[in-house]
Each structure stands twice: as structure tokens, then as C-alpha cells.
Amino acid sequence: MKITFSALLPFLAAAHAQLFYNETSAPFNLVLTSDNSTINGTTLSACHTGAALESLCLSQGGGVSNPNPLPAVQFNFNTSTDPFTPNATLGTPGILTWTLKTSSFDVPSSVYFFYDPTTDAALPLLKPGQDDSQILAFDDQDRLNVQGYVDYTANPPNSTSVKAYYRCQAALRQKMATPLILDGGMSRELMRLNAPFRQPEWSALALIEAPHLVKQVHHDFIAAGADIITTNSYALVPFHIGEERFWKQGAELAALAGRLAREAADAETTAIGRKILVAGSLPPIFGSYEPQKFDESRVQEYLAVLVVALAPGAGCNKVYRKASLGCILPG
């Protein structure tokens, strides 16, 4: 059984040759090691994060994204027949893989840790395919690590010989003791409430036919601990609602999505005395996971409709070009 790292880890990028990682291990589980006795020894599962994206979560449940227990996920580790191994003690580099099983087909996926090499925090995502995979390793004690050449513990961070990091520093753990929690996937919760839901409209259909259920999802996420709720505007693009409807109703629907989130946030802020923020979702305009359809000459005209409608009369405090998080609506 493989053993993985503590809850927050330093991850450093590793230089590696272009190899074929086609030597597959026997299946195994990942087990969390932590100073926190309540989660130490817990297996890890895959929790839905976004469109065809999963993240790692505790199998025992109890979290915002997985309140109920889940079966432990079986992983495989793919290595090369001629691996580039800068340090044998730290382990042979390879790709950590997992299979997303759907009702009609299986989707091979690989684990990728998004991180800043000058810190010890990382966000694990399980992404479809292996074209954009990340090279990881298991050391001689079966501990998962990223091998790299930057020593983040130095001030300022500097280059070092290849090494692996496993545990976060106490100072950073203390600094991150009160993080802001973002809500989860809107679509999954709408389906749980039996909201109107079908292709091609996807989550936009509930906004059109049952907006009260959209607001209920916002309330549910806040009740589960979310500090930031995201507007239900991911599917408000021609890809889902059609070109004609977008130009006729796109602004109106986006304004409704922003208003529903704002009303839920304000009501909960008053009721529980905890400040709730609203994030405006700026979706991929020309379709998810289809970069070949991106049209740089037209994207601004579509985004302008959504940005203006999501923040009526106020604009955005901050705009992000990352995932589906668009702008933080004032208040």
C-alpha cells in the first residue's frame, strides 16, 4: 500500500526527459499520513470538482465536498523502461494514474499537483488523459513526492540539488489556519435536488426553469461551510444555450445568476454573522476542453456581456483568469 504526504506539502517541479511511461504497477491505495490523529491513516478517494475533474479527498467523509464516506480509489504508477532517476533514494519518477468510470465508458486520468515551487501548498487534481501529466515519485518508504531543484525553505528560495519534500512547516500551517472555502460543483447539487437538467443547456436549464433551486444550492453550500459561493453562469454560453438565446437572454440570465447568489450570500451573512462572498463564474466561451475552438477575436464581446451582467452597477473587485472563478462581486 502506498503512503502519501501530510495535508499540506511542499512540491517542487522536476526536470525530466521526454519518456514513455508505459510500465504499469499493480493497483494500490493512497493513505494519508498526518500529525492530526483524526485523519492519520485515512485512505484517499476522488471527489468531483468540475467538468471531468476530480480532486483528492478523505475516504472517511466529513468534508464539504464529500460529507459521506467513499470507497478508497485504486491508483497505478506508470514508470518508464529507461527512467531518468536523479536520486534513487527519492524514487523512480513516473505518472500517478486513476480511471474515472462513467456509465458508458472509462476515462484514464492522471494526478497533477498545482503548486508554487516557493511554497509548501498544493492543489491535487485528477485530469483526463496523460498529455499534461506531472512527474511524481515514491521514495524508499513509499512516500509520494515531487522531486525538484528549488529550496522553498530558504529566504529567498534558491536552487539546490535534487531533493523531495513531504511535510509543511509549522509556520505556514499556522498562517493557513483560517482559509476561505470555495463552494463545490453546482451541477451535481442541482441534480441531487432533481432540478431540470439536460443537454445542451446543462446547469443553465435550472436557472431558466427553477431559479429557486439554484438559490437553494447556494444556501446548502454555505450551510456546509463555504465562504465563497459561485454564480450559476458556467453554462451561459452559446455552446450550451445557443447563439441566438445568448444574445437575446444571456445578459438577463447572467444578471439573475448574480442576483440569486447575492441574495443568498446577504441572507446568510445576516443570519449566521459570517461574511459570505460571491464569485462570478466566467466560463470557457467556446466549450470546455476544446481549445481548438477558441476565437481570440470574439471572446471579449462574449465575456463583456457576462461581466457587466454579473456585477450590475458595481463591477468586479478582482478578475481572475483561472478555472471558472471570474470576479468577486462587491459586498
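All residue numbers here refer to positions counted from 1 along the written sequence of the relevant chain. Only residues with pLDDT of at least 70 are given local features in this predicted model, and only at 80 or more are side-chain atom pairs given and counted; all residues enter the totals for whole chains, interfaces and linings. Water and hydrogen atoms play no part in the side-chain values, which are based on all heavy atoms of the structure.

On to the overall build of the protein chain. Scanning the protein chain from N- to C-terminus turns up seven helices and 17 strands. A simple rule labels every residue: compare its accessible area, found with a 1.4 Å probe on the protein chains alone, to the largest value its type can have, and call it buried under 20%, exposed over 50%, or partly exposed in between. Looking at the protein chain residue by residue over its 331 residues, the buried ones come to 44%. Contacts in the protein chain between residues at least 24 apart in sequence constitute 61% of all its contacts with a sequence separation of at least 6. Accessible surface area values rest on a Shrake-Rupley calculation with a 1.4 Å probe, where residue burial reflects the displayed protein chains alone. When the accessible surface of the protein chain is summed, it comes to about 16,800 Å², and 55% of that surface belongs to carbon and sulfur atoms. Only DSSP runs of H or I reaching four residues or more are called helices, and only runs of E reaching two or more are called strands; each is numbered from the N terminus. We call two residues in contact whenever any of their non-hydrogen atoms come within 4.5 Å of each other.

A word on the packing of helix α4 (residues 211-223) against helix α6 (residues 243-272). The axes are straight lines fitted to the C-alpha atoms, using for helices just the contacting stretch, and the angles between their N-to-C directions are given from 0 to 180°. Viewed as axis vectors pointing N to C, α4 and α6 meet at an angle of 40 degrees, and their least axial separation amounts to 9 Å. The orientation of α4 with respect to α6, classified from their angle, is oblique. For α4 against α6, the interelement crossing comes out right-handed. Together, Pro 211, Val 214, Lys 215, His 218, His 219 and Ile 222 of α4 and Leu 256, Leu 260, Ala 261, Glu 263, Ala 264, Ala 265, Ala 267, Glu 268 and Ile 272 of α6 make up the contact between the two elements. Comment on the angle field: the value is read as roughly parallel under 35 degrees, roughly antiparallel over 145, roughly perpendicular from 65 to 115, and oblique elsewhere. By definition, any crossing whose near helix is turned counterclockwise from its far helix by less than a right angle is left-handed, and any crossing with a clockwise turn is right-handed.

Turning next to the environment of Glu 189. With respect to the helices, strands and loops of the structure, Glu 189 is situated in helix α2 (residues 186-192). Taking relative accessible area as the criterion, Glu 189 reaches 12% and is therefore assigned buried. Look past the residues within four positions of Glu 189 in its chain and what remains in contact with it is Val 217 and Phe 221. As used in this structure description, the phrase polar contact means that two N or O atoms lie within 3.5 Å; if the pair is within protein, one of them must be able to donate a hydrogen and the other to accept it, and residues adjacent in sequence are counted only when both atoms belong to side chains. A distance of 2.8 Å separates a polar atom in the side chain of Glu 189 from a polar atom in the side chain of Arg 192.

What follows is about the sheet that holds strand β6 (residues 76-79). The strand order across the open sheet built from seven strands is β2-β6-β7-β8-β9-β5-β4, with neighbouring strands paired in antiparallel fashion. Every interior strand has two partners, whereas the edge strands, β2 (23-24) and β4 (44-50), have only one. Paired strands, in this sense, are two strands between which DSSP finds at least two bridges.

A few words on the packing of aromatic side chains. In summary, the pairing rule links any two rings of Phe, Tyr or Trp, Trp by its six-membered ring, whose centres are within 6.5 Å, and it sorts them by plane angle into stacked for under 30 degrees, edge-to-face for over 60 and tilted for everything else. Inspection of the entire model under this criterion finds eight aromatic pairs. On the basis of an interplanar angle of 85 degrees and a centroid distance of 5.0 Å, the ring pair of Phe 77 and Phe 138 is categorised as edge-to-face. You can see Phe 77 sitting in strand β6 and its partner Phe 138 sitting in strand β10 (residues 137-138), a full 61 residues away along the chain. Ring centres of Phe 286 and Tyr 302 lie 5.7 Å apart, and the angle between their planes is 90 degrees; this geometry places the pair in the edge-to-face category. In this pair, Phe 286 is assigned in the loop between β15 (277-281) and α7 (299-310) and Tyr 302 in helix α7, connecting sequence segments 16 residues apart. Neither Phe 286 nor Tyr 302 differs from the other in exposure class; each is buried. Taken together, the aromatic side chains of Phe 246, Trp 247, Phe 286, Phe 294 and Tyr 302 make up a single cluster linked through ring pairs.

So, on to the environment of Gln 74. Mapped onto the elements, Gln 74 comes out in the loop between β5 (53-58) and β6. Under the relative-accessibility criterion, Gln 74 is labelled exposed at 54%. Through-space distance from the C-alpha of Gln 74 to that of Leu 44 is 9.2 Å; in sequence the pair is 30 residues apart. In contact with Gln 74, not counting residues within four places along its chain, are Pro 27, Phe 28, Asn 29 and Trp 98.

Right, let's talk about the pattern of salt bridges for a bit. The salt bridge criterion pairs a side-chain nitrogen of Lys or Arg with a carboxyl oxygen of Asp or Glu, the two atoms within 4 Å. Using the criterion set out here, one finds 11 salt bridges in the structure. Between Asp 220 and Arg 192 there is a salt bridge whose closest N-O contact spans 3.4 Å. Taken together, the residues span a long stretch of sequence, with Asp 220 in helix α4 and Arg 192 in helix α2 at a distance of 28 residues. Overall, Asp 220 belongs to the partly exposed group, its relative accessible area being 26%. In this structure, the salt-bridge partner of Arg 198 is Glu 201, at a minimum N-O distance of 3.7 Å. One network of salt bridges, with partners in common, ties together Arg 188, Glu 189, Arg 192 and Asp 220.

Here Asp 183 lies in the loop between α1 (170-175) and α2. Salt bridges are absent for the buried Asp 183, whose nearest opposite-charge side chain, Arg 188, sits at 9.6 Å. In terms of polar contacts, Asp 183 uses its side chain to reach the backbone amide nitrogen of Thr 230, at 2.7 Å. Contacts of Asp 183, omitting those with residues within four sequence positions, involve Phe 221, Ala 226, Ile 228, Ile 229 and Thr 230. This count recognises Lys and Arg as positive and Asp and Glu as negative, with His and chain-terminal groups excluded.

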